[in-house]
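Residues per chain are reported as follows:
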Amino acid sequence: MAFTPEHLEIYQRDGYVVVRNLFSKAEVERLYGLAVGDAVLTTKTYDRVDASGMKTRLALWYALDDSLYSKFARSSRIVDGVEQILGSRAAHYHSKLMQKEPRTGGAWEWHQDYGYWYKNNGFLFPDMLSVLTALTPATKENGCLQMIKGSHKMGRVEHGFSGEQVGADLEKVNEALKIMPLEYLEMEPGDTAFFHCNTLHASAANLSDQPRWSIITAYNLASNKPYKDIHESSYTPIDYYDGDLLAEEEAGISETADFLVKR
């Protein structure tokens, strides 16, 4: 599959779009297998506690290296879609491996990604989006993404802390839910969701006996350089990767990938 003009139309209307089978089962199994056994990622993974005290585990890094994860983030299958959306050259802001373990994986409160990026990272314009690829099945039972369709058109709303997470103003969220549809993004491994940085989204706790793992990469319009918390990759145009992920060496992530450290 590929990102098409039809996908772009849906994205602009709804604030997100899912491209089914953007990556093959074999590609995703290879990436997932590497991630599960990656010693560096394991040491860099930390917990985020939700409002109920349950924990979601994640590792987040800014710099692109020679790892399979970076080749994935630079994949022309993703970047071509991102640049159709942004209208010009894209930069890699960060990547993260989300790990919702069975029966313990916590929820993510309602939020907009730009709610973080505007305030904490100094991006003046919402010319940004996230791209999530499911590494394991994502279902209602294990806490798949929930999207408020069309909420990107609201613009940025205020955010405050909820547990260790930053959540959107619930008054605005509840009003949005009265007039905009809520959709659960149930996905198979290899399915990929592109979503606007102002689209309100959340996910419930994983109360099932199956893990929910995904890799999420945030992209920025290369000209949208932040004025604080600056990482060079966030304004450097991406060097596209057109190779075969299955033929590449299974290189894990490096210690120098500029990891986020939990404060």
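The rules behind these values
- Residues numbered from 1 in each chain as written.
- Predicted model: local features only at pLDDT ≥ 70, side-chain atom pairs only at ≥ 80, totals over all residues.
- Heavy atoms only, no water.
- Helix = DSSP H or I, 4+ residues; strand = E, 2+ residues; numbered from the N terminus.
- Rg over C-alpha atoms; globule rule 2.2 N^0.38 Å.
- Buried < 20%, exposed > 50% of the residue type's maximum accessible area, 1.4 Å probe, protein only.
- Contact = heavy atoms within 4.5 Å.
- Areas by Shrake-Rupley, 256 points an atom, 1.4 Å probe, with all protein chains shown as cover.
- Lys, Arg positive; Asp, Glu negative; His and termini not counted.
- Charge placed at Lys NZ, Arg CZ, Asp CG, Glu CD.
- Pairing = 2+ DSSP bridges.
- Axes fitted to C-alpha atoms, helices over the stretch in contact; angles between N-to-C directions.

### A word on the overall build of the protein chain
Counting secondary structure elements, the protein chain contains 7 helices and 13 strands. Expected size for 263 residues packed as a compact globule is a radius of gyration near 18 Å; at 17 Å, the protein chain falls within 12% of this value. Once the C-alpha set of the protein chain is aligned to its principal axes, its extents read approximately 50 × 40 × 35 Å. Counting the 263 residues in the protein chain, one finds 56% classified as buried. Put simply, of all contacts in the protein chain between residues at least 6 apart along the chain, 85% involve residues at least 24 apart. Total accessible area on the protein chain stands at roughly 11,500 Å², and carbon and sulfur atoms take up 52% of it. Between the averaged position of the 27 positive side-chain charges in the protein chain and that of its 37 negative side-chain charges there is a distance of 5 Å.

### Remarks on the environment of S254
For S254, the position within the fold is in the segment after β13 (212-221). C-alpha of S254 to C-alpha of E175: the two residues are 79 residues apart in sequence and 44 Å apart in space. When near neighbours in sequence (up to four residues on either side) are disregarded, S254 contacts V40, D65 and F259.

### Points about the sheet that holds β13
Working definition: the strands of a sheet are paired by backbone hydrogen bonds and lie parallel or antiparallel to each other. Spatial strand order, β1-β11-β6-β13-β4-β3-β2: 7 strands in an open sheet with antiparallel pairing. The open sheet has two edge strands with one neighbour each: β1 (16-19) and β2 (46-49). The average undirected angle you get between the axes of adjacent strands in this sheet is 25°. Relative to strand β11 (residues 192-196), strand β6 (residues 128-134) runs antiparallel, the two being bridged by 5 bridges. Paired with T133 across the two strands is T192, which belongs to β11.

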